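# A look at the structure
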Amino acid sequence: MTRTVITFGTFDVFHVGHLRVIQRAAALGDRLVVGVSADALNERKKGRAPVFTQDERLEIVAALKPVDAVFLEESLEQKREYIVRHEADVLVMGDDWAGKFDEFEDVCEVVYLSRTPAISTTALIEKISGTA
Ligand code: C2G
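Residues numbered from 1 in each chain as written. Predicted model: local features only at pLDDT ≥ 70, side-chain atom pairs only at ≥ 80, totals over all residues. Heavy atoms only, no water.

## Brief notes about the packing of aromatic side chains
A full pass over the atoms with the stated rule returns six aromatic pairs. With a centroid separation of 6.3 Å and 35 degrees between ring planes, the pair formed by Phe11 and Phe14 is classed as tilted. What makes Phe11 buried here is its relative accessible area of 6%. (Phe/Tyr/Trp six-rings, centres within 6.5 Å; stacked < 30°, edge-to-face > 60°. Buried < 20%, exposed > 50% of the residue type's maximum accessible area, 1.4 Å probe, protein only.)

As structure tokens, this is what we get:
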């Protein structure tokens, strides 16, 4: 039986921390589905638009070797629906979300992976813009 893994993220200004969580998520199953956060969701959540548009971010993530399918994550409240719709057996999130998605343990396994240290989209933006 195919073991499907699902993960979510904005994946803005794609970096090696993003790549590693995707590679490690893929290694937990046979098929990896990635929900890429919509621009509107980011604006609501972080108060700013991502550097790259949702179409660009979807295109980048879809092109990665470990990724089998991508979809647009329109709202955080629909997580259960996305897990069920994509028939996910495992939900993987970085440990910045530790404990936040335990409520889905009734429909899938929930795994939190440790973040790659010392790299983040925010730090990269600050470095590039000279504000770091
Ligand atoms: N990540 C990581 N190491 C880093 C930076 C990010 O492992 N140094 C992981 C995060 O833990 C997350 C994924 O990369 O699992 C995507 O990170 P973000 O784009 O920051 O995702 P976020 O905005 O937290 O969106 O439904 C939840 C949201 O869609 C998550």
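## A short note on the site of the ligand
Surrounding the ligand, one finds 21 residues, the nearest of these being Thr10, Ser37, Glu73, Lys79 and Ile119. Residue Ser37 places a side-chain N or O atom 2.6 Å away from an oxygen atom belonging to the ligand. When the ligand sits alone it has 630 Å² of accessible area, and the protein chains cover 95% of it. Here the ligand occupies the largest pocket. For the shell around the ligand, the secondary-structure elements that each account for two or more residues are strand 1 (4-9), helix 1 (16-26), helix 2 (39-46) and strand 4 (90-94). Per element, the largest residue contribution to the shell around the ligand is three residues, and it comes from helix 1. In the shell around the ligand, the residues fall into seven nonpolar, eight polar and six charged. (Near = heavy atom within 4 Å. Polar contact = N/O pair within 3.5 Å; in protein donor to acceptor, adjacent residues only side chain to side chain. Areas by Shrake-Rupley, 256 points an atom, 1.4 Å probe, with all protein chains shown as cover. 1 Å grid on protein atoms, 1.4 Å probe; cavity = no way out; pocket = protein on both sides within 12 Å on 5 of 7 lines; lining within 4 Å. Sits in = over half its atoms within 2 Å of the grid points. Helix = DSSP H or I, 4+ residues; strand = E, 2+ residues; numbered from the N terminus. Nonpolar A, V, L, I, M, F, W, Y, C, P; charged D, E, K, R; others polar.)

## Comments concerning the nonpolar core
Within the largest apolar cluster, 17 residues are counted, with the highest numbers of intra-cluster contacts made by Phe11, Ile22, Leu32, Val34, Val61, Val67 and Val92. Counting residues per element, the ones that place at least two in this core are helix 1, strand 2 (31-37), helix 3 (54-62), strand 4 and strand 5 (109-113). Sort the elements by how many residues they give to this core and helix 1 lands first, with four residues. The contacts of Val67, once residues within four sequence positions are left out, are Ile22, Leu32, Val34, Val61 and Ala62. Grouped together as the second largest cluster of nonpolar side chains are 13 residues, Val33, Phe71, Ile83 and Ala88 included. (Core = buried A, V, L, I, M, F, W, Y, C linked by side-chain atoms within 4.5 Å. Contact = heavy atoms within 4.5 Å.)

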